[in-house]
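# Results of the structural survey
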Amino acid sequence: MQLIFRQMSEVKIKSALISVFYKDGLAPIVEKLNDQGVQLYSTGGTQKFIEDMGIAVTPVEDITKYPSIFGGRVKTLHPKVFGGILHRRDHEGDQKEKEQYEIPPIDLVIVDLYPFEETVASGASEEDIIEKIDIGGIALIRGAAKNFKDVVIVSSRNYYSDLLEVLDSQEGVTTLEQRKLFATKAFNTSSHYDSAIFSYMNEDGSVPSFKVSASEGKVLRYGENPHQKGVFYQESEPYFDQIHGKEISYNNLVDIEAAIQLIAEFGDETAFAILKHNNACGVATGTDVKSAYMRAFQADTISAFGGVLITNKEVSKEAAEEMHSLFFEILIAPSFAPEALEILQQKKNRILLIQKKSWNRQLTHKSMLNGTLVQDYDHVTDSADMLKTVTKIAPSPEEIESLLFASKICKQSKSNTIILAKDGQMLASGVGQTSRVDALEQAIDKAKKFGFDLKGAVMASDAFFPFPDCVEIADKAGITSVIQPGGSVKDQLSIDYCDEHGISMVFTGTRHFKH
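Bear in mind the structure is a predicted one, so any value in this text is a computation, not a measurement.

## Some words on helix α11 (residues 176-201)
The end-to-end C-alpha distance of α11, which contains 26 residues, comes to 37 Å, matching closely the 38 Å that a straight helix rising 1.5 Å per residue would cover. Where α11 is concerned, the buried positions are R179, F182, A183, A186, T189, S190, H192, Y193, S195, A196, I197 and Y200.

## Side note on the state of the cysteines
Taken as a whole, this structure holds zero disulfides when the rule is applied. Cysteine C470 shares no disulfide, and the gap to the nearest cysteine sulfur, in C498, comes to 11 Å. Assessed through its relative accessible area of 2%, C470 is described here as buried.

## A look at the nonpolar core
Membership of the largest hydrophobic core comes to 49 residues, with the highest contact counts inside it found for L33, L40, L108, V109, I110, I153 and V154. No other element matches α11, which puts seven residues into this core. Residues contacting L108, with those up to four places away along its chain left out, are I13, S15, A16, L17, L33, V151, V152, V154 and L163. Grouped together as the second largest cluster of nonpolar side chains are 40 residues, I263, V308, I419 and V506 included.

## Here's the deal with unusual backbone geometry
A cis amide bond, omega -10°, links S415 with the succeeding residue N416. The residue E102 is not glycine, and still its phi comes out positive at about 50°. Structurally, E102 is set in the loop between α6 (92-100) and β5 (108-111). The phi dihedral of L369 is positive, around 55°, even though this residue is not glycine.

## As for the packing of aromatic side chains
Going through the model one piece at a time under the given rule, you end up with ten aromatic pairs. Relative to Y193, the ring of F116 lies with its centre 6.3 Å away and its plane at 65°, an arrangement referred to as edge-to-face. Taken together, the positions of F116 in helix α7 (residues 116-121) and Y193 in helix α11 put the pair 77 residues apart, joining distant regions of the chain. For F116, a relative accessible area of 2% translates into the label buried. You can call Y193 buried: its relative accessible area is 7%. Ring centres of Y239 and W359 lie 5.2 Å apart, and the angle between their planes is 20°; on these two criteria the pair is classed as stacked. Residue Y239 is found in the loop between β9 (231-233) and β10 (240-244), and its partner W359 is found in the loop between β15 (351-355) and β16 (363-368); the two are separated by 120 residues along the sequence. Like W359, Y239 is buried.

## Structural notes on the pairing of β15
The element β15 is largely enclosed, with a buried count of four among its five residues. For β10 and β15, the ladder comprises four bridges, and the chain directions are antiparallel. Bridging from a neighbouring strand, H244 pairs with L352 of β15. Examined bridge by bridge, strand β14 (residues 328-333) and β15 share four bridges and lie parallel to one another. Bridging from a neighbouring strand, L331 pairs with L352 of β15. As a crossover connection, the stretch from β14 through helix α15 (residues 338-344) into β15 is right-handed.

## Some points on the environment of D62
With respect to the helices and strands, the residue D62 is situated in helix α4 (residues 60-64). For D62, a relative accessible area of 45% translates into the label partly exposed. Separated by 21 residues in the primary sequence, D62 and Y41 have C-alpha atoms spaced 9.3 Å apart.

## Points about the pairing of β5
On β5, burial covers both faces: L108 and I110 on one face and V109 and V111 on the other are all buried. Summarising the sheet, β5 and strand β6 (residues 152-154) pair through three bridges and their orientation is parallel. Bridged to I110 within β6 is V154.

## Overview of the environment of Q298
Position of Q298 relative to the elements: it lies in helix α13 (residues 289-298). Since its relative accessible area comes to 40%, Q298 is described here as partly exposed. Q298 sits 182 residues away from T480 along the chain, and the two C-alpha atoms are 22 Å apart. Excluding anything up to four places from it in sequence, Q298 contacts Q425, F450 and F452.

## Description of the pattern of salt bridges
Evaluated as defined, the whole model comprises 16 salt bridges. R88 is the salt-bridge partner of D94, the closest N and O atoms lying 2.6 Å from each other. In this structure, the salt-bridge partner of K98 is E99, at a minimum N-O distance of 2.7 Å. Look at K98 and you get buried, because its relative accessible area is 12%.

## A few points about the side chain of N279
Considering the arrangement of structural elements, one finds N279 in strand β12 (residues 279-285). Given the relative accessible area of 11%, N279 is considered buried. Setting aside residues up to four positions removed in sequence, N279 forms contacts with I274, S413, K414 and V431.

## Description of a nonpolar patch on the surface
Together, F210, V212, L363 and V374 make up an exposed nonpolar region whose accessible area comes to about 290 Å². Within the secondary structure, F210 is located in the loop between α11 and β8 (217-219). A residue is classified by how much of its surface remains accessible, and F210, at 35% relative accessible area, is partly exposed.

## A short note on a negative patch on the surface
A cluster of acidic residues, D288, E314, E318, E321, E322, E339 and E342, forms a negative patch at the surface. Contributing elements (two or more residues each) for the negative patch: α14 (317-323) and α15. Of the residues forming the negative patch, the biggest block, three residues, is contributed by α14. Residue placement: E318 occurs in helix α14.

## With respect to the sheet that holds strand β2 (residues 15-19)
With parallel pairing, five strands are arranged side by side in an open sheet as β4-β3-β2-β5-β6. Looking at the sheet topology across the chains shown, the edges are occupied by β4 (58-59) and β6. Direction of pairing for strand β3 (residues 39-42) relative to β4: parallel, over a ladder of two bridges. Paired with Y41 across the bridge in β4 is T58.

Criteria and cut-off values
Residues numbered from 1 in each chain as written. Predicted model: local features only at pLDDT ≥ 70, side-chain atom pairs only at ≥ 80, totals over all residues. Heavy atoms only, no water. Helix = DSSP H or I, 4+ residues; strand = E, 2+ residues; numbered from the N terminus. Expected span 1.5 Å × (residues − 1). Buried < 20%, exposed > 50% of the residue type's maximum accessible area, 1.4 Å probe, protein only. Disulfide = S-S within 2.5 Å. Core = buried A, V, L, I, M, F, W, Y, C linked by side-chain atoms within 4.5 Å. Contact = heavy atoms within 4.5 Å. Phe/Tyr/Trp six-rings, centres within 6.5 Å; stacked < 30°, edge-to-face > 60°. Pairing = 2+ DSSP bridges. Right-handed = clockwise from strand over helix to strand, strands pointing away. Salt bridge = Lys/Arg side-chain N within 4 Å of Asp/Glu carboxyl O. Patch = residues over 30% accessible without salt bridge, like charges linked within 9 Å, V, L, I, M, F, W, Y side chains within 5 Å. Areas by Shrake-Rupley, 256 points an atom, 1.4 Å probe, with all protein chains shown as cover. Lys, Arg positive; Asp, Glu negative; His and termini not counted. Charge placed at Lys NZ, Arg CZ, Asp CG, Glu CD.

This is the structure in structure tokens:
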């Protein structure tokens with residue numbers, strides 16, 4: 001009985017329809033099919049490609065008796081084509097109709113889709129983008145995938161090697177399990193394509209629906225912990241290229257995103273940041289990468305061990321020499337001087353990444369309960385024109401620079417957050433605390449631990465102060481200026497304390513919670 005079932009599930013490919021946009025990698029398949037005596041059908045450019053190989057191919061028009069019309073918009077949309085794919089080989093009625101209407105069977109469909117996502121990414125006009133919405137191809141994929149019991153569907157050049165393996169090792173005979181796997185891959189192709197089209201058409205969010213698709217996933221060594229499985233699904237062009245080091249882990253990816261988001265706050269200003277568990281343990285600006293790194297490292301020389309490093313300028317030989325003695329997991333930069341690479345690559349596991357683009361996501365999302373939370377990304381970076389001085393004393397120009405610097409770090413740190421800074425250097429941070437007082441006290445303790453004098457430093461908070469306790473603690477530690485969003489019903493209590501003790505304070509009007 002098992003032998004009979006296995007034989008029934010095995011189908012030899014005797015005919016194939018091939019119509020693809022991308023021709024690379026196709027020739028070996030065409031040659032193998034021809035060698036195995038498979039009847040080939042094709043259209044347009046693919047037909048010419050096969051003919052140029054010197055291989056016989058039947059135009060689809062010879063089956064349908066219709067030419068390609070409407071500028072190629074209608075080529076394969078015909079009952080004789082879809083009947084050849086969709087008729088059931090073990091269904092008596094389907095077989096009679098196939099003979100009645102002289103429909104040739106099609107056992108293999110090789111078709112890909114117009115490059116819609118690539119066309120959108122190129123900045124093409126709407127007219128060109130709409131023309132890249134595939135109709136015939138997507139219908140062929142769905143039809144062949146639906147009838148996987150009898151038909152093999154290859155929906156992307158990514159699966160050519162899988163088909164060649166079947167043609168080589170099984171002489172064109174496929175099993176039901178193999179055809180179902182090809183069909184599953186085909187529905188992955190079609191669903192991803194439709195999601196991309198929907199996202200483009202729904203750019204303004206007029207249809208309240210959320211769709212995200214990543215066609216390929218990368219299996220990671222493990223998830224957040226070794227006993228958890230992890231996969232990275234990337235939706236679009238990657239933010240970085242890896243040029244050296246070990247395989248990137250789940251936790252690495254989380255830190256890399258946090259680093260790229262933080263460094264984006266500094267624009268063209270030379271900046272360096274060191275992160276650990278998504279939070280900055282050192283950030284500084286400088287005249288060059290070396291000086292920025294050294295100042296960032298001073299903020300927490302302990303937490304920097306095993307950290308993720310990032311800069312927005314090329315890493316020079318001098319900078320590489322300075323940081324080479326530190327054990328760190330990852331260094332991200334837009335480029336590396338050749339001499340710097342020679343130094344940094346001496347550690348075989350050290351991950352070196354070239355950042356290809358700045359953070360540009362418009363939406364963020366995360367799984368929550370049995371659904372997904374979606375929100376606009378926080379693209380607001382506090383600037384001088386947003387500041388409202390609420391105290392009798394206004395901050396000096398130097399203090400304003402320090403306040404804005406601290407605010408950038410505060411925005412990209414886990415709430416509750418307090419950042420202490422001076423002259424383009426983070427002196428200490430208190431992050432992820434359940435109370436703002438705890439965050440401030442943590443920051444003050446760290447600053448003292450690493451030898452910083454807080455006299456004349458500034459303080460940034462990601463949210464308002466409900467009581468004057470934080471400005472009082474900061475004052476006693478030497479802080480002279482404060483930046484916060486404001487908005488508490490008791491704002492005046494903090495303002496009054498600052499006025500009584502000669503502290504300047506500005507409100508931004510924008511809260512920067514990050515959870």
